[in-house]
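Understanding the architecture of this molecule
So the chains spell out like this:
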Amino acid sequence: MSTHTEHQAQQGREPLDVNTPGLTRFDIVREGARRDDIEIVHYEPQVVPGSKAERRLTRTVAAMFLLTGLAATAFLIIYIWWPWEYAPGRGGDKWYTPLLGVTLGVALLGIGFGILTWGKKLLPKEVSIQDRHEGAVSADDRTITGQTMLYMADELGVKRRPLLGISLLAGLAPVGAVVAAPLVGGLISDPHKNNQMFTTGFAPAEGGQKIRLVREDGRPVRPADISAGGQLTVFPGIEHGVSNRHADSPTLLIHLRDSDAQESRRNNEREGHGDYMWGNYAAFSKICTHAGCPASLYEQQTNRLLCPCHQSQFLITDNARPIFGPASRRLPQLPIEVDAEGYFVAKSDYTETVGPDFWERP
Amino acid sequence: MKRRKFDMAAVPGKTAAGLDDRFQAATPLRRLLNKVFPDHWSFLLGEIALFSFIVLLLTGVFLTFFFEPAMTEVVYNGSYAPLRGTPMSAAYASSLDISFDVRGGLIMRQMHHWAALLFMAAIVVHMLRVFFTGAFRKPRETNWIIGSLLFWVGFLAGFTGYSLPDDGLSGTGLRIASAIMLSIPVIGSWVTSSIFGGEFPGTIIISRFFIAHVLLIPGLLVALISVHLGLVFKQKHTQWPGPGRTNGNVVGERMFPRYALKQGGFFMVVFGVIALMGGLFQINPIWLFGPYEAWVVSAASQPDWYVMFLDGSTRLMPAWEIPIPIGDGYVIPPLFWPTVVLPGILVALSTLYPFLEARHLKDYRSHNLLQRPRDVPARTAVGAMAVAFYVVLTLSGANDVIADKFQISLNAMTWAGRIGLLVLPPLAYYVTYRLCLGLQQHDREVLAHGVETGIIRRLPDGRFVEVHQPLSAAQGHDGEAHGELEYAGWVVPKKMNRLGALGPAIRGFFYPIEKPAEAPVSPGHPPVEARPEREEIGSGERRG
């Protein structure tokens, strides 16, 4: 309280005795405000008590509150009795959520605007001025607190007894590591376990058996299944090959038109991938080398593959080289052939790393 | 035997006295009730964020009762016929159940999502208000830093939240997030593998995101918001300059009752608007996206709006791969720059800005009065530059949609974004700077010569001059007809009806509300002085 009395002394004002008989309640309120260094400089009722305006505002606020009650009741009735269970078609259930929203919204807006009107229109307007006391931080206080803390440090005597400080640090440092160890140790997982970053589901099985290219439903693919200019998403024909467990394996099998295929083969040979295509068929990883989205929008006319996430474009006939957008690396090509039964198989796994780029990719 | 009379009327007084005996609450409570808050509409933007956050907590708790954060594969067998029989993760199935099989679940989900969007929007707009008015200056730098951290923590809350349903769209987002982590030099693959528990997508990420989204991040948000509000309370709110307002006081209303009522009402209004949006406007219809499958994506896959600027920066980034030919060879992928480095720079710049500005201006005083943006052209222009940068990035995040809807080449959109990102911010700087100077000059002109009256006067020699109403009747010390007014850092009236020349506007929407009584009855204060008599409009003759 000392700051108050000081402040009041500065202003030369004696605190009012609130027990003085005859004080109105507002006198006491104003005195209270003054003790908090607040001066109520303007206090203006907005409506004359008993006036037409007051009655009208009161009615308005009351109407809003009653509207809230009404809307909230409607909400409950709809919530309980409206048919809400999903049914195909244009059933009444399609109105369930909108009706809940409208009734709840109206109920809340009613109470909100009611309170706002009450506060803004019916209560007196006021202007009060409170001191910030920013400059009032006394230099003495700073000195006292500072000296107290230094005194405490002296008492601990770390300066005179340095061994205490050193041993405490030496003791606490491992404790900090102990706190972090279970978290880090539990979470950490070797990204190179099973060489997982560099292999896909197309890696030949144990006995060197080549993996078939299958559709979404697991059926293998014959060359005749794709017409020229067409494409199909294929997966490794292994257990869970279609699922997200092999999220890096989805592959786009494309049947190029004759002229495109010739160009493609030429470019393949230049890269030393001469035997990657089978006939006019080429297979490229569908996982964008930029951010891992499926690069799946195939433009037949230009032989471009567009990734819809960040608009990288790959030219299929030129080893899926990135020709526009943020991708910097071509889509890896899967070497394919047709097995004895006439189904597509992968000759080997991808020879380049599939998926988004990272630091240690060779 | 006399029964002690039970005096009903004395109960509140006695209870209060009893409470005060135990807790000594009277003094701190009085201070709280009396605390003065300055009022201005722009001070309410932060409140929208706060109120949205409360709605997020309420609806979020509801959702946790029904959501199953597991990636176990299940076969959907719920009400939504088109997906029945589809294998999917338990997380996606339970999100569908919330939408279709939990009574009122859909409106809760949609309110939660809308509240999140509103939360982030309010944070951004509030941040702009604080920036452009200089409210971040000493002593409020700490609160500015906490506020900008709140944006990024809110960003994480939003991202982890919309990843949880494990639908086709959010799974793609998660895939990109994993690629972003993967792109960090040296440690990228270890970070990704540790967070996802192996190769993407693994089987644990939804559970981890869940605990982050419902416990860790909200905990952090609550802590930061508490400190943020506590500091506003302790340091007292800034105020606009104006009559009687100084750096050392707060002019406004006491907290109770009017200010608190208005806040409470405003909360209900925000809540109500979110309820209306949650009920009427569909958001994130996950049942249309299907479960996440690594090979499925559709065009126009956009994240929530506050993530779009990073999506945009990623799209605009040229394919600059940096190979490092040591040993087997290493590489820094182009994805690293727009998604890791750029946010890092943005965090650093926004955090440091108050200190950079203070250093640049050598201004180390405390400021409690706000500045009008026009009065600090350099800062306003820097802000406009930042906004331009952000808008270009955000629009680029939707450049495929724009290209599609307006029949523009997609590649042209990308190039427009790349060029725009470099050209528009400096342009915005220049234009804003000039605008600020122009507005300043106009203010000074009005202060010096008065308000345009719209009255044209013909002089004897045939010239026409416009009559100005001087704002001050005082004689200038140099014998000029009128004195020049000092600019006070606040709105200068520029229209005659602002000066009361056109009679007061009639209040009331449908019919006029009666005028207040001549001398308002004030229980404590002497009647408010009557307004000074309206001055006649000068003919302009006194002008030099």
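Note that the structure is a prediction, hence the values are computed from the model and not measured.

1. Digging into the domain arrangement of chain B
Residue and element names in this part refer to chain B.
- Looking at the assigned domains, one finds that chain B contains domain 1 (38-239 + 252-286 + 300-352) and domain 2 (372-508).
- One C-alpha centre belongs to domain 1, the other to domain 2; they are set 35 Å apart.
- With 13 residues of domain 1 at the contact, the number on the domain 2 side is 19 residues.
- Taken together, the elements giving at least two residues each to the side of domain 1 that touches domain 2 come down to helix H5 (105-132) and helix H12 (308-316).

2. Describing the sheet that holds strand E11 (residues 333-334) of chain A
Residues and elements named next belong to chain A.
- Here we have 5 strands laid out as an open sheet, ordered E3-E4-E5-E6-E11, and antiparallel in their pairing. The sheet is open, and its two edges are formed by strand E3 (213-214) and E11, each paired on a single side.
- With 4 bridges connecting them, strand E4 (residues 231-236) and strand E5 (residues 251-255) associate as antiparallel partners. Across the sheet, residue Gln231 finds its bridge partner in E5, namely Ile254.

3. Focus on the sheet that holds strand E1 (residues 36-37) of chain B
- Spatially, E1(A)-E2(A)-E4(B)-E1(B) is the arrangement adopted by the 4 strands of the open sheet, whose pairing is antiparallel. Looking at the sheet topology across the chains shown, the edges are occupied by strand E1 (38-44) of chain A together with E1 of chain B.
- Summarising the sheet, E1(B) and strand E4 (residues 249-254) of chain B pair through 2 bridges and their orientation is antiparallel. What sits directly across from B:Val36, in E4(B), is B:Arg254.

4. A short note on the interface of chain B and chain A
- Of the residues lining the interface, 94 residues belong to chain B; the matching set on chain A comes to 86 residues.
- For the side of chain B that touches chain A, the element with the most residues is helix H10 (residues 255-280) of chain B, which contributes 16 residues.
- When its residues are assigned to classes, the side of chain B that touches chain A shows 45 nonpolar, 33 polar and 16 charged.
- Two elements, strand E2 (residues 125-131) of chain A and E4(B), share 4 bridges in a ladder whose sense is antiparallel. Residue pairing for E4(B): A:Ile129 is matched across the bridge by B:Val251.

5. Considering the nonpolar core
- Within the largest apolar cluster, 145 residues are counted, with the highest numbers of intra-cluster contacts made by A:Leu253, B:Ala115, B:Phe119, B:Phe271 and B:Ile274.
- Leaving out residues up to four positions away in the same chain, B:Phe119 has contacts with B:Ala49, B:Ser52, B:Phe53, B:Leu56 and B:Gly154.
- Listed in part, the 8 residues of the second largest apolar core include A:Ala33, B:Val36, B:Phe37 and B:Tyr259.

6. Details of the confidence of the model for chain A
- Averaged over every residue, the pLDDT of chain A is 90; residues scoring 70 or more account for 95%.
- Predicted confidence is poor over residues 1-10 of chain A, with pLDDT under 50, and the contacts of this stretch with residues over four places away or in other chains come to 5 contacts.

Rules used throughout
- Residues numbered from 1 in each chain as written.
- Chains lettered and ligands numbered in written order.
- Predicted model: local features only at pLDDT ≥ 70, side-chain atom pairs only at ≥ 80, totals over all residues.
- Domains from an automatic or database assignment.
- Contact = placed C-beta atoms within 7 Å.
- Helix = DSSP H or I, 4+ residues; strand = E, 2+ residues; numbered from the N terminus.
- Pairing = 2+ DSSP bridges.
- Nonpolar A, V, L, I, M, F, W, Y, C, P; charged D, E, K, R; others polar.
- Core = buried A, V, L, I, M, F, W, Y, C linked by C-beta atoms within 7 Å.
- Buried ≥ 20, exposed ≤ 12 C-beta atoms within 10 Å, placed from the backbone.
- pLDDT = per-residue confidence, 0-100.

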